[in-house]
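Tertiary structure, described
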Amino acid sequence: MNDINKKVWQPKDFNVAKVADKQRFHDFSLPDELMQGIADLGFEYCTPIQAATIEPALQGRDIIGKAQTGTGKTAAFLVGIITDILDFPFSHKRKLAEPRALIIAPTRELALQIAADAVQLSKHTSLHVISLVGGMDYSKQRRELSSAAVDIIVATPGRLIDFVRSKEVDLGNVEMLVLDEADRMLSMGFIPDVRSIIRNTPRKGEERQTLLYSATFTDEVMNLASQWTDNPVVVEIESAQKTTDTISQQVFLVEKKDKYKLLRNYIVQNNVERVIVFCNRRHQTRELAEKLKRDGIKAALMSGEIPQHKRVRTLEDFKSGKIQVMVATDVAGRGIHIDGVSHVINYHLPEDADDYVHRIGRTGRAGTTGISICFACEDDSFMIPEIESEIGVKLDCIHPSDELLADL
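Counting of residues starts from 1 at the beginning of each chain's written sequence and follows it residue by residue. Residues qualify for local features only when their pLDDT is at least 70, as the model is predicted, and side-chain atom pairs are given and counted only at 80 or more; totals for whole chains, interfaces and linings, by contrast, use all residues. Heavy atoms from the whole structure form the basis of all side-chain values; hydrogens and water molecules are not counted.

With that settled, consider the overall build of the protein. Across its full length, the protein carries 16 helices and 15 strands. Put simply, the radius of gyration uses C-alpha atoms, and a globule should come to 2.2 Å times the residue count raised to 0.38. A compact globule built from 408 residues would reach a C-alpha radius of gyration of about 22 Å, and the protein, at 22 Å, matches this within 12%. Summarising its shape, the C-alpha atoms of the protein cover approximately 70 × 50 × 40 Å along the three principal directions. When accessible area is computed with a 1.4 Å probe and restricted to protein chains, residues below 20% of their type maximum are described as buried, those above 50% as exposed, and intermediate ones as partly exposed. Residue burial in the protein is summarised as follows: out of 408 residues, 54% are buried. Exposure was quantified through the Shrake-Rupley algorithm and a 1.4 Å probe, taking into account, for residues, occlusion by the shown protein chains and nothing else. Here the protein has roughly 17900 Å² of accessible surface; of this, 47% comes from carbon and sulfur atoms. Separation of charge centres in the protein, based on 51 positive and 59 negative side chains, amounts to 5 Å. Helix and strand definitions here come from DSSP, where helices need a minimum of 4 consecutive H or I residues and strands a minimum of 2 consecutive E residues; each element is numbered from the N-terminal end. Counted as positive: Lys and Arg. Counted as negative: Asp and Glu. His and the chain ends are not counted at all. By convention, charge coordinates are those of NZ in Lys, CZ in Arg, CG in Asp, or CD in Glu.

What follows covers the environment of Lys256. Tracing the backbone through its elements, the reader meets Lys256 in the loop between strand S9 (247-253) and helix H11 (259-269). On a C-alpha basis, the gap between Lys256 and Pro106 in space is 33 Å, while along the polypeptide they are 150 residues apart. Sequence-distant contacts of Lys256, that is, excluding residues within four places in its chain, are made with Cys377, Glu378 and Asp379. In what follows, a contact means two residues having at least one pair of non-hydrogen atoms within 4.5 Å.

The next thing to look at is the environment of Glu220. Residue placement: Glu220 occurs in helix H10 (residues 219-228). Glu220 sits in the exposed class, given a relative accessible area of 54%.

As a per-residue measure, pLDDT reflects the predictor's confidence and takes values from 0 up to 100. For the protein, per-residue confidence averages 87 on the pLDDT scale, and residues scoring 70 or more make up 91% of the total. Scored below 50 in pLDDT, residues 5-20 shows 31 contacts in the model against residues more than four places distant or in partner chains.

What follows covers the pairing of strand S13 (residues 343-346). Alternating positions in S13 separate into two faces, His343 and Ile345 on one and Val344 and Asn346 on the other, with burial throughout. DSSP calls a pair of strands paired once it identifies at least 2 bridges connecting them. Two elements, S13 and strand S14 (residues 370-376), share four bridges in a ladder whose sense is parallel. When the bridges of S14 are listed, Ile345 appears paired with Ile373.

Across the sheet, which stays open at both edges, the seven strands sit in the order S11-S12-S10-S13-S14-S9-S15 with parallel pairing between neighbours. Each edge of the sheet is formed by a strand with only one pairing partner; in this case those strands are strand S11 (299-302) and strand S15 (396-398). Averaged over all pairs of adjacent strands, the angle between strand axes in this sheet comes to 20°, irrespective of strand direction. Geometry is summarised by axes, namely lines fitted to C-alpha atoms with helices restricted to the contacting stretch, and by angles between N-to-C directions that run from 0 to 180 degrees. Packing of helix H12 (residues 282-294) onto the sheet brings it into contact with strand S10 (275-278), S11 and strand S12 (325-328), and relative to S11 it is tilted by some 170°. Set on the sheet, helix H15 (residues 353-360) makes contact with S9, S10, S13 and S14; between it and S13 the angle comes to about 155°.

A helix is expected to reach a length of 1.5 Å times the quantity of its residues less one. Relative to the 21 Å expected for 15 residues at 1.5 Å per residue, helix H4 (residues 73-87) spans 21 Å between its end C-alpha atoms, a close match to the ideal helical length. Burial within H4 is extensive, with twelve of its 15 residues counted as buried. Along H4, the positions that sit buried rather than exposed are Lys73, Thr74, Ala75, Ala76, Phe77, Leu78, Val79, Gly80, Ile81, Ile82, Thr83 and Ile85.

Glancing now at the packing of aromatic side chains. Geometry of aromatic contacts follows a simple scheme: Phe, Tyr and Trp rings, the Trp one being its six-membered ring, pair when their centres are within 6.5 Å, and the pair is stacked under 30 degrees between planes, edge-to-face over 60, tilted otherwise. Going through the model one piece at a time under the given rule, you end up with six aromatic pairs. Ring geometry for Tyr138 versus Phe163: centroids 4.3 Å apart, planes at 5°, classification stacked. With a gap of 25 residues between them, Tyr138 in helix H6 (residues 138-145) and Phe163 in helix H7 (residues 157-165) connect regions that are remote in the sequence. By relative accessible area, which is 22% here, Tyr138 ends up partly exposed. Considering the side-chain rings of Phe252 and Phe375, the 6.3 Å spacing of their centres and the 55° angle between planes classify their relative orientation as tilted. You can see Phe252 sitting in strand S9 and its partner Phe375 sitting in strand S14, a full 123 residues away along the chain. Like Phe252, the residue Phe375 is buried in the burial classification. Site record: aromatic cluster; members linked through ring pairs are Phe252, Tyr266, Tyr347 and Phe375. Two conditions define a charge sitting above a ring: the NZ of Lys or the CZ of Arg must be within 6 Å of the ring centre, and it must be within 35 degrees of the ring normal. Stacked on the ring of Tyr347, the Lys or Arg Lys259 has its end atom at 5.6 Å from the ring centre. Lying across the ring of Tyr260, Lys291 places its NZ or CZ 5.1 Å from the centre.

A few words on the packing of H6 against H7. In contact at an axis separation of 12 Å, H6 and H7 are set at 60° when each is read in the N-to-C sense. Classified by the angle between their axes, H6 and H7 sit oblique to one another. As for how H6 packs across H7, the hand of that crossing is right-handed. Counting all contacts with H6, which are made through Tyr138, Gln141, Arg142 and Leu145, the residues of H7 involved are Arg159, Asp162 and Phe163. Every angle not falling under 35 degrees, over 145, or within 65 to 115 is termed oblique; those three ranges are roughly parallel, roughly antiparallel and roughly perpendicular. Each crossing is labelled by how the near helix is turned from the far one, with a counterclockwise turn of less than a right angle marking it left-handed and a clockwise turn marking it right-handed.

Look at Glu181: it is not a glycine, yet its phi comes out positive at around 50°. Within the fold, Glu181 resides in the loop between strand S6 (176-179) and helix H8 (182-187). For Asn231, which is not glycine, the phi torsion reads 45° and is therefore positive.

This is the structure we're talking about:
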């Protein structure tokens, strides 16, 4: 970390007046076509990460950003990318698979969500956005690359490196590189692939602007950041509490044998319309989803064992309301960024307290309120103090009512 010229902007000291006055996207003199896309999405005021990073991004500065999911960081870096491409168009004819911006994300769901956000923000422009992710038709992605010159590629490391090694994608003119959830890429073992990809892009500094985002600033993350960025602005957005004030958090103390009854009764009695239920293992998600479906609840499974095309369709059905309950593992759940999720239920308490923060971040998004429920039994209640220490909040632990434990 010593070789990073660290300027940390935090809510208490960066542009305080602007944030207090709710800085607007209009304040940045963005292109009209982009402003139309922002208006279509209903965005008017910036979140703290947007207020802190858009300006240095527009100035061409490298950025290291610390922010949890749900803080608006995706829109923050997309605004910078789209503005740069629109304001500085290429004067020469471009090769087809030669992106100007590259965004790398650790999971397929996250990459697809970022690509969808990029398409929405740039829909009043002629920009071409392509996602290259594993588990989906390689030939179809190849055909899309050959259909028109691509401006923005959003990719997972494994699939992208396949295209790079086969020389079907040329990263030699990448002007802007975004590494999202760098800590997650570290934990999932993707760094060797990411290194190979970066070696195929222009040099950092004047030739390539790099934006790296992470939920945590570990020594490993900062070491990578120092290798891949040049004189970066370091922006740290984190409230005193790691969980948002818009989420109500509660723990039900329940015996293991009564967990399923509690879940089903809670969903039915509270008319819950869109809920994500987290389990720790794939087989647990599979068994729970099947039980719910047998009891007439519109449930679906979201885990790594599900083929990618089916996962995409399941997410669309969840967004549209065809599916009421999404039963997910942590890896799959990280990529679920859907507004309108009213509840998150931890059917099993996470084995890592940090995962609790990511789980409940699926609700209470975009300023709405959300409810987080934990089912703590004899197997996992020992995790409660660790979770409380992580979030800086004392959780409300209660016993469920007799109605919630009634036989089905």
